[in-house]
Amino acid sequence: MPTEVGTSHDKETPGFSAHFAFHYHIIELSNYHIQDSLLMGRYIVAVLMACFIGSSMTAQLWQWSVPVKNARSAGARAFCWIPPHCKNLRAVVLAQNNMEEQSIVEHPIFRQEMSRLSFAVIWVSPSFDHFFRFNEGAGEIFNGMMKDLAQETGYQELSYVPVAAIGHSAAASWPYYFAAWDPQRTLCAISVSGQWPYFRHPVFAPEIWRSDQHIDFIPCLETMGEYEAADSWSTEGLKERQEHPLLPLSMLACPAEGHFAATEKKIRYIALYIKKAALYRLPKTKPAQGAPILLPVDPVKTGWLMEKWRYNQKPAASPAPVNKYKGDLAQAFWYFDEEMVKATQEYQARHRNKKAQLLGFMQNGQVVPQRNTHQQVDLQFQPQADGITFIVKPVFLDKVPAAHPRTAEWTGLAAGSAIGHAQKGEILINRIAGPCRKINDTTFQLYLEKGLPDQASGYQCWFAVEHAGDALYKPAVQQAKMDIPGRNAAGRPQTISFPPITIRKGRKSVQLQARSSEKLPVFYFVREGPAYIKDNTLVLTETPPRSRLPVRITVIAWQYGRTAVPKIQSAQPVAQSFYVE
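Since the structure is predicted, the reported quantities are computational estimates derived from the model, not experimental observations.

Re the overall build of the protein
Logical step 1: Along the protein, the regular secondary structure elements total nine helices and 30 strands.
Logical step 2: Evaluated residue by residue, the protein yields a buried proportion of 60% over its 581 residues.
Logical step 3: Taking as baseline every contact in the protein between residues at least 6 positions apart, the subset at least 24 positions apart corresponds to 75%.
Logical step 4: As displayed, the protein offers around 23200 Å² of accessible surface, 51% of which is attributable to carbon and sulfur atoms.

Considering the packing of helix H7 (residues 264-281) against helix H8 (residues 338-348)
Logical step 1: The N-to-C vectors of H7 and H8 enclose an angle of 165°; their axes lie 11 Å apart at closest approach. Taken together, the axes of H7 and H8 lie roughly antiparallel to each other. With respect to the hand of their crossing, H7 and H8 are arranged in left-handed fashion. Within the contact between the two elements, H7 uses Lys-265, Lys-266, Tyr-269, Leu-272, Tyr-273 and Lys-276 and H8 uses Glu-339, Met-340, Ala-343, Thr-344 and Tyr-347.
Logical step 2: Residues that form the contact of H7 with H8 fall into these classes: six nonpolar, one polar and four charged.

Quick look at the pattern of salt bridges
Logical step 1: A complete count under the given rule lists 30 salt bridges for this structure.
Logical step 2: Residues joined by salt bridges that share partners form a network here, namely Arg-77, Glu-152, Arg-527, Glu-528 and Arg-552.

Focus on the packing of aromatic side chains
Aromatic ring pairs: the centre-centre distance and the angle between the two ring planes describe each pair.
Logical step 1: Counted under the stated rule, the structure contains 30 aromatic pairs.
Logical step 2: Judged by centre distance (5.3 Å) and plane angle (70°), the ring pair of Tyr-198 and Trp-209 falls under edge-to-face. Separated by 11 residues along the polypeptide, Tyr-198 in the loop between strand E7 (186-192) and strand E8 (220-225) and Trp-209 in the loop between E7 and E8 bring together distant segments of the chain. Comparing Tyr-198 with Trp-209, the two get one shared label, buried.
Logical step 3: Ring centres 5.2 Å apart and planes at 20° place the aromatic pair Phe-260 and Trp-462 in the stacked group.

Quick look at the side chain of Glu-157
Logical step 1: Summarising the element assignment, Glu-157 is placed in the loop between helix H4 (138-153) and strand E6 (163-168).
Logical step 2: A polar atom in the side chain of Glu-157 sits 2.8 Å from the side chain of Arg-546.
Logical step 3: Those residues in contact with Glu-157 that lie beyond four places of it in its chain are Lys-87, Asn-88, Leu-89 and Arg-546.

Describing the environment of Phe-390
Logical step 1: Mapped onto the elements of the fold, Phe-390 is located in strand E16 (residues 389-391).
Logical step 2: Residues Phe-390 and Thr-442, spaced 52 residues apart in sequence, show a C-alpha to C-alpha distance of 8.4 Å.
Logical step 3: Beyond its immediate sequence surroundings of up to four residues, Phe-390 is in contact with Phe-381, Gln-382, Pro-383, Thr-442, Thr-443, Phe-444, Gln-445, Leu-446, Phe-463 and Met-482.

Thoughts on the sheet that holds E16
Logical step 1: Overall, antiparallel pairing links the three strands, which are arranged E16-E20-E19 in an open sheet. Each end of this open sheet is capped by a strand with a single partner; those strands are E16 and strand E19 (436-438). Taken pair by pair, the neighbouring strands of this sheet meet at an average axis angle of 30°, ignoring direction.
Logical step 2: Pairing of E16 with strand E20 (residues 443-446) involves three bridges; the strand directions are antiparallel.

Description of the nonpolar core
Logical step 1: Core analysis: the largest hydrophobic core is formed by 125 residues, its most contacted members being Phe-110, Leu-158 and Leu-538.
Logical step 2: Element by element, the count of residues in this core is highest for H7, at nine residues.
Logical step 3: Contact partners of Leu-538, with chain neighbours within four places excluded, come to Ile-501, Lys-508, Ser-509, Val-510, Leu-512, Val-526, Ala-531, Tyr-532, Ile-533, Ile-553, Val-555 and Phe-578.
Logical step 4: Core analysis: the next-biggest nonpolar cluster, separate from the first, contains 32 residues, Ile-388, Ile-429, Phe-523 and Trp-558 among them.

Details of the environment of Glu-581
Logical step 1: Structurally, Glu-581 is set in the segment after strand E30 (574-580).
Logical step 2: As a C-alpha pair, Glu-581 and Leu-549 span 32 residues in sequence and 5.6 Å in three-dimensional space.

Some details on the pairing of strand E27 (residues 531-534)
Logical step 1: Taken together, the four bridges between E27 and strand E28 (residues 537-540) define a ladder with antiparallel strand orientation. Each bridged residue has a counterpart across the sheet, and for Ala-531 the counterpart in E28 is Leu-540.
Logical step 2: Once E27 ends, the chain turns through two residues before running back antiparallel as E28, passing Asp-535 with a positive phi of about 55°.

What to know about helix H5 (residues 174-181)
Logical step 1: Buried residues dominate H5, accounting for seven of its eight residues.
Logical step 2: When we look at burial in H5, the residues that qualify are Trp-174, Pro-175, Tyr-176, Tyr-177, Phe-178, Ala-179 and Ala-180.
Logical step 3: Buried residues along H5 sit in contact with strand E4 (91-96), H4, E6, E7 and E8.

A word on the confidence of the model for the protein
Logical step 1: Mean pLDDT over the protein: 90, with 89% of residues reaching 70 or higher.
Logical step 2: In the predicted structure, residues 1-53 sits below a pLDDT of 50 and forms 186 contacts with residues beyond four places in sequence or in another chain.

Quick notes on the sheet that holds strand E17 (residues 393-396)
Logical step 1: Pairing is antiparallel across the open sheet formed by three strands, whose spatial order is E14-E13-E17. Sheet topology places strand E14 (366-367) and E17 at the edges, where each strand pairs with a single neighbour.
Logical step 2: Here strand E13 (residues 359-363) pairs with E14 via two bridges, running antiparallel. Of the residues in E14, the one forming a bridge with Gln-363 is Gln-366.

Describing unusual backbone geometry
Logical step 1: Put simply, Ser-125 and Pro-126 share a cis peptide bond, and its omega is -15°.
Logical step 2: Its location among the elements puts Pro-126 in the loop between strand E5 (119-125) and H4.
Logical step 3: A cis amide bond, omega -5°, links Leu-549 with the succeeding residue Pro-550.
Logical step 4: You can see Pro-550 is positioned in the loop between E28 and strand E29 (551-558).
Logical step 5: Positioned with a positive phi, Asn-353 is a non-glycine residue whose angle comes to about 60°.

A short note on helix H3 (residues 108-117)
Logical step 1: All of the buried residues along H3 are Ile-109, Phe-110, Arg-111, Glu-113, Met-114 and Leu-117.
Logical step 2: Looking one or two residues past H3, Ser-118 carries a phi angle of roughly 60°, positive in sign.

Calculation criteria
- Residues numbered from 1 in each chain as written.
- Predicted model: local features only at pLDDT ≥ 70, side-chain atom pairs only at ≥ 80, totals over all residues.
- Heavy atoms only, no water.
- Helix = DSSP H or I, 4+ residues; strand = E, 2+ residues; numbered from the N terminus.
- Buried < 20%, exposed > 50% of the residue type's maximum accessible area, 1.4 Å probe, protein only.
- Contact = heavy atoms within 4.5 Å.
- Areas by Shrake-Rupley, 256 points an atom, 1.4 Å probe, with all protein chains shown as cover.
- Axes fitted to C-alpha atoms, helices over the stretch in contact; angles between N-to-C directions.
- Parallel < 35°, antiparallel > 145°, perpendicular 65-115°, else oblique.
- Left-handed = near helix turned anticlockwise from the far one by under 90°.
- Nonpolar A, V, L, I, M, F, W, Y, C, P; charged D, E, K, R; others polar.
- Salt bridge = Lys/Arg side-chain N within 4 Å of Asp/Glu carboxyl O.
- Phe/Tyr/Trp six-rings, centres within 6.5 Å; stacked < 30°, edge-to-face > 60°.
- Polar contact = N/O pair within 3.5 Å; in protein donor to acceptor, adjacent residues only side chain to side chain.
- Pairing = 2+ DSSP bridges.
- Core = buried A, V, L, I, M, F, W, Y, C linked by side-chain atoms within 4.5 Å.
- pLDDT = per-residue confidence, 0-100.

What follows is the structure, given as structure tokens:
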């Protein structure tokens, strides 16, 4: 346990409570050492991109965080963002960390649209329950979390406003489970590259719904990429539409997209879907107090129908309002209105009848071979002398790999066949998830961030190599995973000295002054608070108008060490917290 160096005060600073004892004076400062476990994590979606400035940096702000009590994952923490000018919240978007969720809810475009709607955003990492097992207390955990956030932020409506739940992949069923548990509070349910509402699987979607539970009249969206199973997976959704005719069920097929990366156009679409859910479900008049009564959406009487997406085929029937649709009802999904249909049409019409191309990764001048695994490509963490910087290069493949059947399915070519590619356009590598940041087209750094799980043994960083395609070839995407040790345990030990943060009245920034005992550069991240870091400077931002004052800002300093000679161990991170009015 670290030594307590602060002065006690009745405003407790939550977080790392299982490991730390610390107290604060308002506007006074304390510091504490973060246990070694903070350096370790897996399946993390969190990082500041070094090239982001302005709105990109502020989009990654989380003004508050609270530990989630009784969560199934150790160290689960709920991060909350409220639009800076929002006086009254209308609803909240809730995501649990798996992979794409953070890329979506931290994207500047998504934040901009949620700000216009007066919606808060909450991201929980590690997740409190990926499957929302309401039969085992997930609902009570959620209620406690929202009550704590309402108290911490000053926005008491967080304890009752409607929820737009979103999840990705293995966590893509929990939004439906939330809806079944509390249909009166569910604005909509969004499953990204995931499941259908009534699909059951012992691992991803446990059979726990009672026979009287359903999610009729609650809008639900499922997205699926072409390089996943968009063409075939729609069959299950259409079956569920027939079995549950009062379920407003939509599907977005994403041509030339895969399972792992959240594209900007998909984020825009999801934001539009949430906007439509707000339009059709939130009452025009806000109640004087308490939760609004959500309006039901009857897919039999309202909305539009549109034929499912088919690979390289145009729709056989034109979209139309539900009472005027002339196509096969068994092959159509439901949508809110004509604008939503047009957005879906435009998205799904892309890249028909173009050729496929394949991409790969290079390390040490060699193409990294594919394997028959979920990620297909496993990259090696090969840091440079600073211990955190590494090189990964993108490349076109000239033959269809044989290790995984996906590549043959994507291309329609047998393994080992020659394959062409576009002659122009950049191949880009971008981070999907995990504690890393992009420096340039081929250079990345390990970069610790908020939301890391406690007591894990390492990090997983996920990457996507992408090409936009051309007139002949459709876009291509290929994912890869890199395992990184949670800490460097060999070599000389080092410590971090991080003096208290003092911001003079009237100033909006301060240079951070942490030092490593080994004279290595120290890095920082903001765990919570209306602030961000740019070039080792902490920059304050606006505080929402109804914030409970003072608002805590917590900055964490870290140094990973290095494996090059002379080897240096990872330092124990150090945090400084202070309060702003």
